[in-house]
Amino acid sequence: MDEPWGLSGPEFLRIYWLAVGLVVVLVVIAKIRARTASSGDPHDRGDLSPYDLALLAAGPLRVEQTAMAGLVSRGAIRVNRGGDVSRPHGGPGPADEVQDFVLGRVPTSGKLPRFATFGLANSALGRRMVDTLTTRGFMTSVHRQRRLNKVHWLFFVVLLVGLYRVINGFKLGRPSLLLLFSMIGTLFIWGICRVILGRARSRVTARGRSALLNARSQYPRTVGVGTMAGFAVLGPVAIWGLTAYPDADLSAAFAMSGRPTFGSDSSGCGSGCSSSSCSSSSSSCSSSSSSSSCSSGSSCGGGSSCGG
C-alpha cells in the first residue's frame with residue numbers, strides 16, 4: 001500500500017470534509033444548548049424582587065437606578081427639580097444590600113448625569129444576582145456558554161491534520177492543491193461558525209420574558225403619588241426606568257438629567273453581570289438599553305440577549 005496513511009487523495013478529502021461537517025454540527029448543537037435555561041427548582045413560584053425585574057429588563061444599570069429610586073423615596077438621597085443630588089446627614093439608611101451598595105458610592109452632592117454606573121455589573125453582588133436568576137431559569141448561563149463556545153477550536157485540529165497531510169504530500173511529490181483549497185474553505189467556515197457562536201453573555205429566557213410581560217401589566221409607567229412606598233416605587237422604575245418614578249417633579253428631573261439610559265425603555269439583559277451583565281441593549285438576555293449589564297449592549301432582553 002503506497003498511499004500516504006493508506007488513503008488516496010480523494011479518500012482523505014472525503015474524510016476531511018466529513019470532519020469539517022461534524023464540527024459544524026457540534027457548533028450548532030453548542031449554540032442551541034447555550035440558549036437552554038436551567039430547569040430550576042420545580043417548587044419555585046417565580047416570585048421576583050424589583051431588582052430581579054430590573055436586571056432582566058435592562059441589566060445592572062437599571063438595578064442601580066431602582067436602588068436609587070428606593071433611596072430617594074426613603075429620604076436617604078435627595079433630588080431637587082434641577083437634578084441636584086445630595087445626601088442628608090443623619091438620614092435613614094438603606095433598606096437592603098443593593099441600596100447599601102449604591103448609597104456607599106453616591107457622592108455627597110452632584111448632578112444626575114454623573115451617575116452613569118456604580119460598578120454593580122462587576123461586583124460580587126451583581127454576579128450573585130445574575131447567578132441566582134440563572135439557577136432559577138430566568139437567564140441563561142454565561143459560564144456554560146463560554147465552555148460550549150470552545151467547540152470551535154476543533155476546526156484548528158482539523159486544519160492541523162490537513163496541514164500535516166499537505167506537508168507529507170509535498171515530501172512524497174503528491175498533488176495537494178485540492179487539500180490546500182479545502183483548508184482555505186475551512187478557515188472561512190471557521191470564521192462563520194465563530195460569528196454564529198457569538199460572545200458569551202447571559203440572556204433572558206422565555207421564562208424571564210414572561211415574567212417581564214406580567215410585571216409590565218401590573219406596574220404601568222405611572223402610578224399614584226399617594227402610594228409611594230415599596231414596590232409602588234421600585235416596580236415601575238425597575239420596568240421602565242427612572243422617569244417612571246411616581247412623582248411628577250422628580251420624574252421630570254430624571255428625564256432632564258441628560259442620561260439617555262435613565263428612563264430608557266429597553267428590555268433585555270444582555271450579558272448578565274458576570275458577563276458584563278447583562279448587558280443591555282434591547283435584546284433578549286441578554287441585553288438592555290445602552291447600558292450593559294454585564295455590560296455592553298445586549299442583554300440580555302426583557303423580551304428580546306442581561307446581557308445576557
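Residues numbered from 1 in each chain as written. Predicted model: local features only at pLDDT ≥ 70, side-chain atom pairs only at ≥ 80, totals over all residues. Heavy atoms only, no water.

A. Broad picture of the overall build of the chain. Scanning the chain from N- to C-terminus turns up 11 helices and 3 strands. From first element to last, N terminus to C terminus, the chain shows the α and β order α-α-α-β-β-α-β-α-α-α-α-α-α-α. Within the span of the chain, comprising 308 residues, buried residues form 52% of the whole. Accessible surface for the chain amounts to roughly 14000 Å². Of this, 61% is attributable to carbon and sulfur atoms. (Helix = DSSP H or I, 4+ residues; strand = E, 2+ residues; numbered from the N terminus. Buried < 20%, exposed > 50% of the residue type's maximum accessible area, 1.4 Å probe, protein only. Areas by Shrake-Rupley, 256 points an atom, 1.4 Å probe, with all protein chains shown as cover.)

B. Spotlight on the pattern of salt bridges. Under the counting rule described, the total for this entry stands at 1 salt bridge. Between Glu97 and Arg128 there is a salt bridge; the shortest N-O distance is 2.9 Å. Of this pair, Glu97 sits in helix H4 (residues 97-103) while Arg128 sits in helix H5 (residues 124-135), placing them 31 residues apart in sequence. (Salt bridge = Lys/Arg side-chain N within 4 Å of Asp/Glu carboxyl O.)

C. Here's a closer look at the packing of helix H7 (residues 154-172) against helix H8 (residues 177-197). Two elements in contact, H7 and H8, have axes whose closest approach is 10 Å; the angle formed by their N-to-C orientations is 170°. Taken together, H7 and H8 sit at an angle that is classed as roughly antiparallel. Packed against H7, whose contacting residues are Phe155, Phe156, Leu159, Gly162, Leu163, Arg165, Val166 and Phe170, the element H8 presents Leu179, Leu180, Met183, Thr186, Leu187, Ile189, Trp190 and Cys193 at the interface. Of the residues contributing to the contact of H7 with H8, the split by class is 13 nonpolar, 2 polar and 1 charged. (Axes fitted to C-alpha atoms, helices over the stretch in contact; angles between N-to-C directions. Parallel < 35°, antiparallel > 145°, perpendicular 65-115°, else oblique. Contact = heavy atoms within 4.5 Å. Nonpolar A, V, L, I, M, F, W, Y, C, P; charged D, E, K, R; others polar.)

D. Up close: the packing of aromatic side chains. Here the structure, examined in full by the defined rule, presents 4 aromatic pairs. Measuring from centroid to centroid gives 6.4 Å for Phe12 and Tyr16, while their planes differ by 35°, and the two rings are tilted. On the criterion of helical spacing, the pair formed by Phe12 and Tyr16 is a turn pair, its members being 4 residues apart in helix H1 (residues 9-34). On the basis of relative accessibility, which here comes to 6%, the residue Phe12 falls in the buried class. Here the aromatic residues Phe12, Tyr16 and Trp17 are joined through ring pairs into a cluster of three or more. We note Arg216 situated over the ring of Trp240; from NZ or CZ to the ring centre the distance is 5.8 Å. (Phe/Tyr/Trp six-rings, centres within 6.5 Å; stacked < 30°, edge-to-face > 60°. Lys NZ or Arg CZ within 6 Å of the ring centre and 35° of its normal.)

E. Quick look at helix H2 (residues 50-58). In terms of residue burial, H2 counts as a mostly covered element, since 9 of its 9 residues are buried. Here H2 has its buried residues at Pro50, Tyr51, Asp52, Leu53, Ala54, Leu55, Leu56, Ala57 and Ala58. One or two positions beyond H2, positive phi appears at Gly59, with a value near 85°.

F. Summary view of H1. The terminal C-alpha atoms of H1, which comprises 26 residues, lie 37 Å apart, in line with the 38 Å expected from a rise of 1.5 Å per residue. Among all positions in H1, only Phe12, Leu13, Tyr16, Val20, Val23, Val27, Ala30, Lys31 and Ala34 are buried. Its buried side turned inward, H1 meets helix H6 (142-149), H7 and H8. (Expected span 1.5 Å × (residues − 1).)

G. Up close: the nonpolar core. By size, the foremost hydrophobic cluster in this structure holds 45 residues, and its most contacted members are Leu56, Val63, Ile77 and Val102. Elements that contribute at least two residues to this core include exactly H2, helix H3 (60-74), H4, H5, helix H9 (206-218) and helix H10 (231-240). For Val63, the residues in contact, after removing those within four places along its chain, are Tyr51, Ala54, Leu55, Val98, Leu120 and Met129. Within the second largest apolar cluster, 19 residues are counted, among which are Val23, Ala34, Val151 and Cys193. (Core = buried A, V, L, I, M, F, W, Y, C linked by side-chain atoms within 4.5 Å.)

H. Representation of the packing of H2 against H5. In the contact formed by H2 and H5, the axes pass within 11 Å of each other and the chain directions differ by 85°. The orientation of H2 relative to H5 falls into the category roughly perpendicular. In this structure, H2 uses Tyr51, Asp52, Leu55 and Leu56 to contact H5, whose residues at the interface are Met129, Val130 and Leu133.

I. Structural context of the confidence of the model for the chain. Across the chain, pLDDT averages 74, with 70% of residues at or above 70. Here strand S3 (residues 109-111) stands out as the least confident element of the chain, with mean pLDDT 65; H8 is the most confident, with 93. The low-confidence segment residues 223-229, where pLDDT is below 50, has 11 contacts with residues more than four positions distant or belonging to other chains. Here residues 258-308 is a poorly scored stretch, pLDDT under 50, and it has 355 contacts once near neighbours within four places are set aside; other chains count. (pLDDT = per-residue confidence, 0-100.)

J. Region of the structure containing the environment of Gly208. Positionally, Gly208 belongs in helix H9. Since its relative accessible area comes to 0%, Gly208 is described here as buried. Spatially, the C-alpha atoms of Gly208 and Leu56 are 6.8 Å apart, while their sequence positions differ by 152 residues. If sequence neighbours within four positions are ignored, Gly208 has contacts with Leu56 and Phe138.

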